Amino acid sequence: GENVEQHPSTLSVQEGDSAVIKCTYSDSASNYFPWYKQELGKRPQLIIDIRSNVGEKKDQRIAVTLNKTAKHFSLHITETQPEDSAVYFCAARDTGRRALTFGSGTRLQVQP
Amino acid sequence: NAGVTQTPKFQVLKTGQSMTLQCAQDMNHNSMYWYRQDPGMGLRLIYYSASEGTTDKGEVPNGYNVSRLNKREFSLRLESAAPSQTSVYFCASRIQGMSNQPQHFGDGTRLSIL
């Protein structure tokens, strides 16, 4: 099955700085990579996703890049704000189970 | 349109007790999933149902059973609860058949087993 590793586990930045979270996956057949944001006590919510036929996708202050050759993908948040503070999870779709395999999460803290 | 609804939101059990976690979605999704979330370990797949009438094991199925009652509902049962099953349980759903649609999660069930 798929294995997803995520780094760093915690990340602290100053308001206005950029934040980058990186993930690697093991199954070269995986073709869908979403990112979820989870606030304390809440459900994971999709913030952006990328399919394997593109290398980069942007949505306002958030971007995701995908390197299929190296089997890694990254989340970039620019101009961070205190409300960006949360746990972020990357995931890859396991082509066998057709279910998402998640990374272990990154706790992002944006200091005002 | 409520999305994915889970009941109960909180539950405390004693070791050896049984219970069923309920999940229902109103988005006409084909596929449904159960995950557990433990600190520092992300979300791990317990069971999933690709379509009505089918269920399959995920990464951590031991100690659990599931039922896909109909297209809307997918329940998770703990037959004999153990302290190791203390966790937050999330149900999710997605539409299948369209290219890589996202999963939508419910609010979770916080389960403590004493």
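Preceding block: the structure.
Residue positions are given per chain, counted from 1 along the sequence in the order it is written. The naming scheme follows written order: chains are lettered A onward, ligands numbered 1 onward. Owing to the predicted nature of the model, reporting of local features is limited to residues with pLDDT of at least 70; listing and counting of side-chain atom pairs is limited to 80 or more, with chain, interface and lining totals taken over all residues. Where side-chain values are given, they derive from all heavy atoms of the structure, hydrogens and water being excluded.

1. A look at the overall build of chain A
No. 1: Numbering goes from the N terminus for both helices and strands, where a helix is a DSSP run of H or I of at least four residues and a strand is a run of E of at least two. For chain A, the count of helices and strands is 0 helices and 11 strands.
No. 2: Walking chain A from its N terminus toward its C terminus, one meets helices and strands in the order β-β-β-β-β-β-β-β-β-β-β.
No. 3: This radius of gyration counts C-alpha atoms alone. The globule rule is 2.2 Å times how many residues there are, raised to the power 0.38. The C-alpha atoms of chain A give a radius of gyration of 13 Å, which matches the 13 Å a tight globule of 112 residues would have.
No. 4: Along the three orthogonal principal directions, the C-alpha set of chain A runs to about 45 × 30 × 20 Å.
No. 5: Between buried and exposed lies partly exposed: a residue is buried under 20% and exposed over 50% of the maximum accessible area for its type, with that area taken using a 1.4 Å probe on protein chains only. Counting every position in chain A, which comprises 112 residues, the buried fraction comes to 46%.
No. 6: Long-range contacts, defined here as pairs at least 24 residues apart, represent 53% of the contacts in chain A between residues at least 6 apart.
No. 7: Here chain A displays about 5,500 Å² of accessible surface, and carbon together with sulfur accounts for 44% of that area. Contact between two residues is taken to exist if any of their heavy atoms lie within 4.5 Å; hydrogens are not considered. We get accessible surface area from the Shrake-Rupley algorithm with a probe of 1.4 Å; when it comes to residues, only the shown protein chains can shield them.

2. Topic: the overall build of chain B
No. 1: Counting secondary structure elements, chain B contains 0 helices and 11 strands.
No. 2: Reading the secondary structure of chain B in the N-to-C direction produces β-β-β-β-β-β-β-β-β-β-β.
No. 3: When the backbone C-alpha atoms are referred to their principal axes, chain B occupies close to 40 × 30 × 25 Å.
No. 4: Going through the 114 residues of chain B one by one, you find that 48% of them count as buried.
No. 5: Expressed as a percentage of contacts within chain B between residues at least 6 apart in sequence, the contacts between residues at least 24 apart total 55%.
No. 6: When the accessible surface of chain B is split by element, carbon and sulfur atoms take 50% of a total near 5,100 Å².
No. 7: Charge separation in chain B, taken as the distance between the mean sites of 11 positive and 8 negative side-chain charges, equals 3 Å. Here Asp and Glu are counted as negative and Lys and Arg as positive; His is not counted, and neither are the chain ends. A charged residue contributes its charge at one atom only: NZ of Lys, CZ of Arg, CG of Asp or CD of Glu.

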